[in-house]
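# Structural overview for review
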Amino acid sequence: MSDTPAMSPQDALVAVMVACSAADQDVRTAELVAITRMVNHMPIFAEYDPDRIQRVTRTVFDLFEEEDGLDALFGLIREALPERLYETAYALACDVVTADGRHSQVELRMLEEVRHELRIDRLHAAAIEWGARVRHMGL
């Protein structure tokens, strides 16, 4: 998609979260609340304009409609995101997927794709996944 505007690092983080939420074509309220909460409260988003979430979301959904859209999306994400934030992106994605207390096989496959595309070490990924699971555990 050649007319897709360049992403900021924060846009790329939002794109990863949105992609994981939308992977199963069912963006749940808890997932949207989690994305909004993280953008509003995490230091990495301190200078980020939350109005950009809608544009990034539209870009993700547009790319999902294209034949090689997922590859294009990960290309944009890797281009915008410094490697030192790859694990941050994975952690945010895990938080979104676990925010509603359940996850589909499609969402888990998307997390696996994020892990692969961002070259997250398997041991680090397991620790990140465990952290997300315990943060979002119910009684």
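Here's what I pulled together on the structure shown here. For every chain, the first residue of the written sequence is number 1, and numbering continues from 1 onward in sequence order. Note on the predicted model: pLDDT of at least 70 is required for a residue's local features to be given, and 80 or more for side-chain atom pairs to be given and counted; whole-chain, interface and lining totals, by contrast, use all residues. Hydrogens and water molecules were not included; the side-chain quantities draw on all heavy atoms of the structure.

In this fold, Ala89 is placed in helix α5 (residues 86-98). In the structure, Ala89 is positioned 72 residues away from Met17 in sequence and 7.7 Å away in space, judged by C-alpha atoms. Note on definitions: a residue-residue contact is assigned when non-hydrogen atoms from the two residues lie within 4.5 Å. Ala89 has contacts with Leu13, Val16, Leu81 and Leu118, leaving out every residue within four places of it along the chain. The helix and strand labels rest on DSSP assignments: H or I over at least four residues marks a helix, E over at least two residues marks a strand, and numbering proceeds from the N terminus.

The next subject is helix α4 (residues 69-80). Take the number of residues in a helix, subtract one, and multiply by 1.5 Å to get its expected span. The end-to-end C-alpha separation of α4 is 16 Å, in line with the 16 Å expected for twelve residues at 1.5 Å each. Using a 1.4 Å probe on the protein chains alone, a residue whose accessible area is under 20% of its type maximum counts as buried, one over 50% counts as exposed, and one in between counts as partly exposed. By the burial criterion, the buried members of α4 are Gly69, Leu73, Phe74, Leu76, Ile77 and Ala80. In a view along the axis of α4, the buried residues occupy a sector of 155°, so they form one face of it. Buried residues along α4 sit in contact with α1 (9-22), α3 (52-65) and α6 (105-117). The directions from the helix axis to the C-beta atoms form the arc being described.

This paragraph deals with the environment of Glu129. Along the chain, the position of Glu129 falls in helix α7 (residues 122-135). Residues Glu129 and Gln54, spaced 75 residues apart in sequence, show a C-alpha to C-alpha distance of 27 Å.

A word on the nonpolar core. Ranked by internal contacts, the top residues of the largest apolar core, which has 44 residues, are Val14, Met17 and Ile77. If you list the elements that add at least two residues to this core, you get α1, α2 (29-41), α3, α4, α5, α6 and α7. Here the element with the most residues in this core is α1; it accounts for nine residues. Leave out the neighbours within four places in its chain, and Met17 touches Ile35, Met38, Val39, Phe45, Leu92, Ala93 and Val96. Joining through side-chain atoms within 4.5 Å is the link that ties buried Ala, Val, Leu, Ile, Met, Phe, Trp, Tyr and Cys residues into a set, and such a set is a nonpolar core.

The subject of this paragraph is α5. Taking 1.5 Å of rise per residue, the 13 residues of α5 would be expected to cover 18 Å, and the 19 Å separating its terminal C-alpha atoms lies within 8% of that figure. The buried fraction of α5 is high, at ten of 13 residues. Among the residues of α5, Tyr86, Ala89, Tyr90, Leu92, Ala93, Cys94, Asp95, Val96, Val97 and Thr98 are the ones counted as buried. Elements that come into contact with the buried residues of α5 comprise α1, α2, α4, α6 and α7.

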